[in-house]
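Chain by chain, the residues:
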Amino acid sequence: AVAGEGSTFGPDLTNIGEIRSDHDILEAIIYPSASFAREYETAILETDRGPIAGIIKEANDAAYVVEVGPGVLRHLSRDEVTKVSISNLSLMPAGWENQLSRQELSDLMAFLRSLPDGLGGMGD
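K.L.:
Tell me about the packing of helix α2 (residues 22–30) against helix α4 (residues 102–114), residues and numbers included.
P.N.:
Relative to each other, α2 and α4 sit at 130°, their axes nearing to 11 Å. Between α2 and α4, the crossing angle belongs to the class labelled oblique. Here α2 and α4 pass one another in a crossing that is right-handed. Along its contact with α2, which presents Asp 22, Ile 25, Leu 26 and Ile 29, the element α4 presents Leu 105, Leu 108, Met 109, Leu 112 and Arg 113. A class-by-class count of the residues in the contact of α2 with α4 yields seven nonpolar, no polar and two charged.

K.L.:
I'd like a description of the environment of Gln 103, backed by residues and values.
P.N.:
Inspection of the secondary structure puts Gln 103 in helix α4. When the C-alpha atoms of Gln 103 and Asn 15 are compared, they prove to be 23 Å apart, with 88 residues separating the residues in sequence.

K.L.:
How would you explain the sheet that holds strand β5 (residues 81–86) if you had to name every residue and give the values?
P.N.:
Strand order in this open sheet of five strands is β4-β3-β2-β1-β5, and the pairing throughout is antiparallel. The two strands at the open ends of the sheet, each matched to only one other strand, are β4 (72–77) and β5. Geometrically, the sheet is characterised by an average inter-axis angle of 45° between neighbouring strands, direction not taken into account. Of the pairings in the sheet, the one linking strand β3 (residues 63–69) to β4 comprises six bridges and is antiparallel in character. Bridge pairing in β4 links Val 65 to His 75.

K.L.:
Can you break down the pattern of salt bridges residue by residue, with the values?
P.N.:
Applying the stated criterion across every chain, the model contains four salt bridges. One salt bridge connects Glu 80 with Arg 49, and the closest N-O pair in it is separated by 2.4 Å. Of this pair, Glu 80 sits in the loop between β4 and β5 while Arg 49 sits in the loop between β1 (43–47) and β2 (52–59), and the two are 31 residues apart along the sequence. Residue classification places Glu 80 among the partly exposed residues on the basis of a relative accessible area of 25%.

K.L.:
Tell me about the environment of Glu 97, and please be specific about residues and values.
P.N.:
Note on placement: Glu 97 falls in helix α3 (residues 96–99). Separated by 29 residues in the primary sequence, Glu 97 and Val 68 place their C-alpha atoms 24 Å from one another.

Thresholds applied
- Residues numbered from 1 in each chain as written.
- Predicted model: local features only at pLDDT ≥ 70, side-chain atom pairs only at ≥ 80, totals over all residues.
- Heavy atoms only, no water.
- Axes fitted to C-alpha atoms, helices over the stretch in contact; angles between N-to-C directions.
- Helix = DSSP H or I, 4+ residues; strand = E, 2+ residues; numbered from the N terminus.
- Parallel < 35°, antiparallel > 145°, perpendicular 65-115°, else oblique.
- Left-handed = near helix turned anticlockwise from the far one by under 90°.
- Contact = heavy atoms within 4.5 Å.
- Nonpolar A, V, L, I, M, F, W, Y, C, P; charged D, E, K, R; others polar.
- Pairing = 2+ DSSP bridges.
- Salt bridge = Lys/Arg side-chain N within 4 Å of Asp/Glu carboxyl O.
- Buried < 20%, exposed > 50% of the residue type's maximum accessible area, 1.4 Å probe, protein only.

Right, dumping it as structure tokens:
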């Protein structure tokens, strides 16, 4: 998401250019599992029907709400879950440097570095 636009499945990038170095931004694109925002850690919830990977959005005495994709929520009762662990792998897929051309990667870096000034009024 940038300035409230886009998915909330990952962190808001509105001010990424102010708070992260070029190196950090490039590393996050190429090696997404190197580090990630605490509230976006990948959780693995073990159930009798198999593991479910996602971001825990809510946990209380009765249930878990897990986002398994952009806008896709799974509701699990505590009774269904036998174990919860935090994965060291990000849900953001790796390999973008192989999917994007050098120009596209350069453009993406320039856009992210320009935030928030590069919004051109988007955030107003």
